[in-house]
Amino acid sequence: RTLARLGGDEFALVLTHATPDTATTLAHRIRTALAHPYRIGDRELHLTTSIGILTGLPLTTPTDALRDTDLALYTAKAHGKNHTTLFHPDLRTAHLHHTTLATGLRHARTRNELTLHYQPVVDLTTGTIHAVEALLRWTPTTTGRPVPPDVFIPIAEDTGLITDLGHWALNQAITDATRWHHRHHTAVTVNISGRQLRDPAFPHTVLDTLTRHHLPPHALILEITESMLLATTPAETHRITTLLATLRTHGIRIALDDFGTGYSSLAYLRTLPVDILKIDRSFTTPPTAADHPQTRAFTKAILELSASLGLDTIVEGVETPDQAALLRQLGAPHAQGYLFSPPVPAPRIDELLHTTPWQQHVA
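Remember, it's a predicted structure, so these values are computed and weren't measured experimentally.

Chemist: Sorry, what's going on with the overall build of the protein chain here?
Modeler: Along the backbone of the protein chain there are 14 helices and 15 strands. Dimensions of the protein chain, computed from the C-alpha atoms along their principal axes, are close to 75 × 50 × 45 Å. Across the 363 residues of the protein chain, 43% fall into the buried class. Only carbon and sulfur atoms are counted for the fraction: they give 57% of the accessible area of the protein chain, which is about 19400 Å². Mean positive and mean negative side-chain charge positions of the protein chain (30 and 34 charges, respectively) differ by 3 Å.

The structure is reproduced here in structure tokens:
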């Protein structure tokens, strides 16, 4: 056995003639040993250990071996750390795909490959469009095929490109929303990443963009997720809360997405400067679902809580007239989903604002 320190907190252990089972067993022993608490003075520290294993495959060069082991290691870290991952050639393919997409994203703006689609938020009493949510889309010119948001958004987050893409989306959404608001009093919702909120200049960027396009602040809704706050320290959460409160003093509204899916939602409602709760689609089941009574009870409780706190609510994932009818009975003011419209390009929103073809579902 040969043990070497590669740098920082990374070590390599070379075993002779180790089988996958032998290597995996040893990795488990290492993680178990390192998991014991370490006492420093009156403090107790706990370590997590991520391990990547390369064995059972033909080797070419030491450089290739280290590269493949690194891929297994970072896969283990991506699974939540304190994991062990055995290298497989598919990891190399996935890494190459990830790198290709990341490179493409760096050129997406200059190549005019980015667009915004918008999904209407409908007033369940009148059937009119209350707001539209801006959703980023990317179609690389090299392939001509759209890359799903759940694929490229995490890559943009990992690489830090999300800040640049987020600024582009904010500017484009406000540009499009200006005419909708002036003609129909429609608001626009823009999703904000945690990286954007960590930028001290973010409030200035938002307010400057509104001023340049002559869009009133109350016509803009910034949407954040609870997980965005759970991933930060208490001090960082306080800083973000202060930033959001500053934006609200100018009339900008804040929406909390996926409400009801996290354990700390109620606690955050006491401290977060929030105006709108977006109820997760997991609470929007058809009346024929087996767990319908429980779902209805939870949805009703969230709606009543929101009303008592003076908060607006938007129910996501509405796909059938029965769902819309039930939500209207429960007092839900606004809904969003494929019953009304999938995310569509801006010109289609211009048409929907005049026609509201789903009005019979909510009248």
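Chemist: How should I be thinking about the side chain of Glu133 in this particular structure?
Modeler: Of note, Glu133 is situated in strand E8 (residues 129–138). Looking at Glu133, the relative accessible area reads 6%, which means it is buried. Here the side chain of Glu133 touches Lys278 through a polar contact of 3.0 Å, side chain to side chain. Not counting residues up to four positions away in its chain, the partners in contact with Glu133 are His117, Tyr118, Gln119, Thr189, Asn191, Glu223, Lys278 and Gln336.

Chemist: What should I look at first to understand the packing of helix H5 (residues 162–184) against helix H7 (residues 202–213) in this one?
Modeler: Geometrically, a packed helix pair is captured by the angle between its two axes and the distance between the axes. Interhelical geometry of H5 versus H7 gives an angle of 30° and a closest axis separation of 10 Å. Classed by the angle they form, the pair H5 and H7 counts as roughly parallel. Of the two elements, H5 crosses H7, and the hand of that crossing is right-handed. Touching His167, Leu170, Asn171, Ile174, Thr175 and Thr178 of H5 are Phe202, Thr205, Val206, Thr209, Leu210, Arg212 and His213, all from H7. Split by residue class, the contact of H5 with H7 holds 5 nonpolar, 7 polar and 1 charged.

Chemist: Whenever I open this one, the pairing of strand E9 (residues 187–191) confuses me. Can you help?
Modeler: Every other side chain in a regular strand lies on the same face of the sheet, so the side chains alternate between the two faces. Burial runs high along E9: 4 of the 5 residues are buried. Here E8 runs beside E9; their pairing, made up of 4 bridges, is parallel. Opposite Ala131, over in E9, you have Ala187 as the bridge partner. Where E9 lies against strand E10 (residues 220–225), 4 bridges are found, and the strand directions are parallel. Its bridge partner lying in E10, Asn191 is registered against Glu223.

Chemist: Please clarify how the pattern of salt bridges should be interpreted in this entry.
Modeler: Pairing of side chains with opposite charge becomes possible as their charged atoms draw close. In total, this model carries 14 salt bridges according to the counting rule given. Among the salt bridges present, the one from Asp68 reaches Arg67, with a minimum N-O distance of 3.1 Å. For Arg67, a relative accessible area of 39% puts it in the partly exposed group. Among the ionic pairs, Arg179 bridges to Asp350, the shortest N-O distance being 3.0 Å. Linking Arg179 in helix H5 with Asp350 in helix H13 (residues 346–355), this pair joins segments that are 171 residues apart in sequence. Classification of Arg179 by relative accessible area gives partly exposed; the value is 27%. Each of the salt bridges in this network shares a partner with another, and the network as a whole consists of Asp64, Arg67, Asp68 and Arg92.

Chemist: Where do I start with a nonpolar patch on the surface in this structure?
Modeler: Together, Leu3, Phe11, Leu13 and Ile30 line one region of the surface with nonpolar side chains, adding up to about 390 Å² of accessible area. For Ile30, the location among the structural elements is in helix H1 (residues 20–34). For Ile30, a relative accessible area of 31% gives the class partly exposed.

Chemist: Explain helix H12 (residues 321–330) to me, please; I cannot follow it from the model alone.
Modeler: Each α-helix turn comprises 3.6 residues. Residues three or four places apart therefore point the same way. Gln323, Ala324, Leu326, Leu327 and Leu330 are the residues of H12 that are buried. Viewed end-on, H12 has its buried residues packed into an arc of 165°, placing them on one side of the element. Counted as exposed and oriented over 90 degrees from the buried face of H12: Asp322 and Gln329.

Chemist: Would you take a moment to explain the environment of Asp21 for this structure?
Modeler: For Asp21, the position within the fold is in helix H1. On the accessibility criterion, Asp21 (62% relative accessible area) is exposed. A sequence separation of 233 residues divides Asp21 from Ile254, and the C-alpha atoms of the two residues are 51 Å apart.

Cut-offs and rules
Residues numbered from 1 in each chain as written. Predicted model: local features only at pLDDT ≥ 70, side-chain atom pairs only at ≥ 80, totals over all residues. Heavy atoms only, no water. Helix = DSSP H or I, 4+ residues; strand = E, 2+ residues; numbered from the N terminus. Buried < 20%, exposed > 50% of the residue type's maximum accessible area, 1.4 Å probe, protein only. Areas by Shrake-Rupley, 256 points an atom, 1.4 Å probe, with all protein chains shown as cover. Lys, Arg positive; Asp, Glu negative; His and termini not counted. Charge placed at Lys NZ, Arg CZ, Asp CG, Glu CD. Polar contact = N/O pair within 3.5 Å; in protein donor to acceptor, adjacent residues only side chain to side chain. Contact = heavy atoms within 4.5 Å. Axes fitted to C-alpha atoms, helices over the stretch in contact; angles between N-to-C directions. Parallel < 35°, antiparallel > 145°, perpendicular 65-115°, else oblique. Left-handed = near helix turned anticlockwise from the far one by under 90°. Nonpolar A, V, L, I, M, F, W, Y, C, P; charged D, E, K, R; others polar. Pairing = 2+ DSSP bridges. Salt bridge = Lys/Arg side-chain N within 4 Å of Asp/Glu carboxyl O. Patch = residues over 30% accessible without salt bridge, like charges linked within 9 Å, V, L, I, M, F, W, Y side chains within 5 Å. Arc of directions from axis to C-beta.

Nothing here speaks to function; it is all geometry.
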